[in-house]
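# Fold and contact review
What follows is the residue order along each chain.
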Amino acid sequence: MKRIATLLATLAIVLSVSAQQGLLQPGNLALVWSQVELRPHRDAAILVNYLMNAIATKHDNYVQNLEWAERHLLDVTDTLYCEEMMTMMLEHADTCSALTADERVRPHLLLDDLRKNRIGTIAAPIRYVDMDYREVCVNDLSTQYKLVLFYDPECDDCHHVMERIVGDELIMGMVERSELTVFAVYGGDDAKAWRRNPVAQPLVKGWSKGLYDGEDYYVPGYPLMYLLAADNTVLLKNEPSLNRVIKVLTAVRADAGATAPAALARSLFNQR
């Protein structure tokens, strides 16, 4: 708890909590929440709860923080994007008495989506067909790690990421040593587009029609990546940055299986 007290003392300077208490000023939002993101998972959860409790005393300020967070923490193009921390904030909002029942509806709906395949949990099955329409399930493969790229066949950014994947020494080395399998999975309805647009080898190409429409997966854009452990524990979820994926793969290889997958997932939270 000493490290939490130290961080709280630092954050108090930027919080601008006035004599009225509970105010998190607009100019400080990015600074405060970016600092929380850099903490280990357990610390971040404690800090989120602490800060949300503090600002819950001022209704308008609480709502302002939630709106700001949705614009930034849920925008995959934003440098502050962090689904897991947004989930922590929404868990507070879902039961917060500072909000009316109507005001809690949106946080509750967002939370339903973000809780799907949360880091540290076992991923729902990802079933797809290959080019020969043979049925395959990502979760059934036994490689130590599985990297799943959710993509659109006509998305230029998606194909750029694929090219970077096959050009990366770490990823290709893990693939060659059978430590990692990389999947490119399309969950939309355009089978013709999927068939006519090739993916870079050795990515495994699959079509999982309706994957995003069901109860199991929330994929807010393309390209986004999941990293799964051998037992299908989610280590990374909806990750837009290949640079971060590579950083995390470096960390998990260094761990060499010493840490249980669920604990490993939490330890990767601040690998940015």
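Here the structure is shown first, and the text comes after it.
Here we summarise the structure given alongside this text. (Residues numbered from 1 in each chain as written. Predicted model: local features only at pLDDT ≥ 70, side-chain atom pairs only at ≥ 80, totals over all residues. Heavy atoms only, no water.)

### Some thoughts on the packing of helix 5 (residues 83-94) against helix 6 (residues 105-114)
For clarity, the threshold we go by: Simply put, an axis is a line fit to the C-alpha atoms, just over the touching stretch for a helix, and the angle between two N-to-C directions goes from 0 to 180 degrees. Working definition: helices are DSSP H or I runs of at least four residues, strands are E runs of at least two. Numbering for both runs from the N terminus. Here is the rule for angles: anything less than 35 degrees is roughly parallel, anything more than 145 is roughly antiparallel, 65 through 115 is roughly perpendicular, and the remaining ranges are oblique. In this scheme, a crossing is called left-handed if the near helix is turned counterclockwise away from the far one by less than a right angle; it is called right-handed if the turn is clockwise. Only heavy atoms matter for contacts: two residues are in contact if any of them lie within 4.5 Å across the pair. Asp, Glu, Lys and Arg are counted as charged, while Ala, Val, Leu, Ile, Met, Phe, Trp, Tyr, Cys and Pro are counted as nonpolar; the rest, among them Gly, fall into the polar class.
The N-to-C vectors of helix 5 and helix 6 enclose an angle of 140°; their axes lie 9 Å apart at closest approach. In terms of orientation, helix 5 and helix 6 fall into the oblique class. Here helix 5 runs over helix 6; the crossing is left-handed. Contacts between helix 5 and helix 6 involve Glu83, Met86, Thr87, Leu90, Glu91, Ala93 and Asp94 from the first element and Pro107, His108, Leu110, Leu111 and Leu114 from the second. For the contact of helix 5 with helix 6, the class distribution of residues is 7 nonpolar, 2 polar and 3 charged.

### Remarks on the pattern of salt bridges
The condition is simple: Think of a salt bridge as a Lys or Arg side-chain nitrogen and an Asp or Glu carboxyl oxygen that are within 4 Å of each other.
All chains considered together, the criterion is met by 13 salt bridges. Taking the shortest distance from any N to any O, the salt bridge between Arg118 and Glu91 comes out at 2.6 Å. Of this pair, Arg118 sits in the loop between helix 6 and strand 1 (127-129) while Glu91 sits in helix 5, placing them 27 residues apart in sequence. Here Arg196 makes a salt bridge to Glu154, at a shortest N to O gap of 2.6 Å.

### A closer look at the environment of Gly210
Short version of the rule: Think of it in three bands: with a 1.4 Å probe and only protein chains considered, a residue is buried below 20% of the maximum accessible area for its type, exposed above 50%, and partly exposed in between.
By secondary structure assignment, the location of Gly210 is in the loop between strand 5 (204-207) and strand 6 (224-229). Taking relative accessible area as the criterion, Gly210 reaches 24% and is therefore assigned partly exposed. In sequence terms Gly210 and Ala251 are 41 residues apart; their C-alpha atoms lie 33 Å from each other.

### So, the pairing of strand 4 (residues 180-186)
Rule in force here: A pair of strands is considered paired only if DSSP assigns at least 2 bridges between the two.
Burial runs high along strand 4: 7 of the 7 residues are buried. As paired strands, strand 3 (residues 145-150) and strand 4 are joined by 6 bridges and run parallel to one another. Paired with Tyr145 across the two strands is Leu180, which belongs to strand 4. Two strands pair when backbone bridges link them, and strand 4 and strand 5 are joined in this way by 4 bridges, in the parallel orientation. Bridge pairing in strand 5 places Tyr186 opposite Trp207.

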